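One letter stands for each residue in the lines below.
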Amino acid sequence: MRLRCAVLDDFQQVAKEAADWSSVTGEVDVVSFDAHLPDEDALAAALADFDIVVTLRERVAFPGSLLTRLPRLRLIVASGMRNSVIDYAAAEAHGVTVCGTASSSAPPVELTWALLLGLARGLVRESNGLREGGPWQQTVGADLHDRRLGLLGLGKIGSRVAQVGLAFGMRVSAWSQNLTRERADEVGVELAPSREELLRTADFVSVHLALGERTRGLLGPAELTLLKPTAYLVNTSRAAIVDQDALLAALHEGRIAGAGVDVFDTEPLPAGHPMRTAPRLLATPHLGYVSQANYATYYGQAVEAIRSYLAGSPVRRLPAP
């Protein structure tokens, strides 16, 4: 019997074009889902007849309760080498192999700067005004040169964002719970003495932290009140790091100049969600990882993982040692 592979959240229907699947299609039928399956019941019903699932990042959770309802499932391939929403113990108990893929930090770095620059120069408002016959020039752009960029996190992504900020002539500082002066010096940025001081002094704040117990809700109502009324906040990391209700309140009340957001508490964002219509918000539908090169890596290595699994030698097994 031929195997069946489900490719989840292939919104643009490009998974089969992004990589060469011919090495596995002799044994595997590949089916793409261009609509998100919103809950466990929908997933259980849609995936009941599939042996393999390819899933993007941490968009779809695979708890033990779902794996129990998918007795045919034998392989999950998740893009990236870290996934916190798969129950690995349950997968092992049900005989499900989990594999990952490589992932580049370049696309989220680039999107971070697209959001930051778009906010600073009012690009959406100005572009829409020009196209719609509105006023000629409506905004006065915020400068980057000699302004302070505050980074929450200085890992692979944060350090590359810092390098771009330095190239713009910005004064860059960073903070995280484990950040050392040696690491800050290595990147060429200042070590902020505290989270609070970083928020008070920054003209632009960008979030680049992994989500965990220590970072969930890291920027809540009290922290957001520390931001200057002229400051901009950018989050391309994880929605739960920034209290969504507190951010919405700050935007509606004009307590910050604006925010650029690529991640949300619910994804895809429901039609009536208040983040869709919030003022002073430049929002994108979680595009941080969505680029041609990243998709070629994700789906190319997904094919490799399927081929290796069929040969009895799975590659890039998760959780990674």
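Quick notes on the rules
- Residues numbered from 1 in each chain as written.
- Predicted model: local features only at pLDDT ≥ 70, side-chain atom pairs only at ≥ 80, totals over all residues.
- Heavy atoms only, no water.
- Core = buried A, V, L, I, M, F, W, Y, C linked by side-chain atoms within 4.5 Å.
- Buried < 20%, exposed > 50% of the residue type's maximum accessible area, 1.4 Å probe, protein only.
- Helix = DSSP H or I, 4+ residues; strand = E, 2+ residues; numbered from the N terminus.
- Contact = heavy atoms within 4.5 Å.
- Phe/Tyr/Trp six-rings, centres within 6.5 Å; stacked < 30°, edge-to-face > 60°.
- Lys NZ or Arg CZ within 6 Å of the ring centre and 35° of its normal.
- Polar contact = N/O pair within 3.5 Å; in protein donor to acceptor, adjacent residues only side chain to side chain.

Enquirer: Lay out the nonpolar core with the relevant residues and their values.
Expert: Residues L152, V205, L219, L233, L247 and M275 are the most contacted members of the largest nonpolar core, which totals 30 residues. Only α9 (195–201), β9 (204–207), α11 (244–252) and β11 (258–261) provide two or more residues apiece to this core. Of the residues forming this core, the biggest block, five residues, is contributed by α11. Discounting residues that sit within four places of it in the chain, L247 has contacts with L224, L233, V242, I256, A259, V261 and M275. By size, the runner-up hydrophobic cluster in this structure holds 24 residues, among which are L151, A184, V189 and V234.

Enquirer: Explain the environment of A106 to me, and be specific about the residues and the numbers.
Expert: Mapped onto the elements, A106 comes out in helix α5 (residues 106–120). Residue A106 is classed as buried on the basis of its relative accessible area of 18%.

Enquirer: Could you give me a rundown of the packing of aromatic side chains, with the residues and numbers involved?
Expert: Per the counting criterion, the structure on display carries seven aromatic pairs. Consider the rings of Y289 and Y295, whose centres lie 6.5 Å apart with planes at 25°: the pair is stacked. A residue is classified by how much of its surface remains accessible, and Y295, at 6% relative accessible area, is buried. Between Y295 and Y298 the ring centres are 6.3 Å apart and the planes differ by 35°, which places this aromatic pair in the tilted class. Taken together, the positions of Y295 and Y298, both in helix α12 (residues 292–310) and three residues apart, correspond to about one turn of that helix. For Y298, a relative accessible area of 2% translates into the label buried. Counting every residue linked through ring pairs, the aromatic cluster contains Y289, Y295, Y298 and Y299. Sitting above the plane of the F50 ring, R4 keeps its charged end 4.3 Å from the centroid.

Enquirer: Can you explain α11? Please cite residues and give values.
Expert: Among all positions in α11, only Q244, A246, L247, L248, A250 and L251 are buried. Along its buried surface, α11 packs onto α10 (221–224), β10 (232–235), β11 and β12 (281–283). Measuring from the backbone nitrogen of D245 back to the side-chain oxygen at the start of α11 gives 3.1 Å, which picks out D243 as the cap. At the C-terminal side of α11, G254 shows a positive phi close to 70°.

Enquirer: Can you tell me about the environment of L151, naming the residues and giving the values?
Expert: Its location among the elements puts L151 in strand β6 (residues 148–152). For L151, a relative accessible area of 0% translates into the label buried. Between the C-alpha atoms of L151 and W175, which are 24 residues apart in sequence, the distance is 6.4 Å. When near neighbours in sequence (up to four residues on either side) are disregarded, L151 contacts G158, V161, A162, V172, S173, A174, W175, L198, S206 and H208.

Enquirer: So what about the side chain of N235? Which residues, and what values?
Expert: Structurally, the position occupied by N235 is in strand β10. Within polar-contact distance, the side chain of N235 engages the backbone nitrogen of S237 at 3.0 Å. Aside from chain neighbours lying at most four places away, what touches N235 is V207, V242, G260, V261, D262 and V263.

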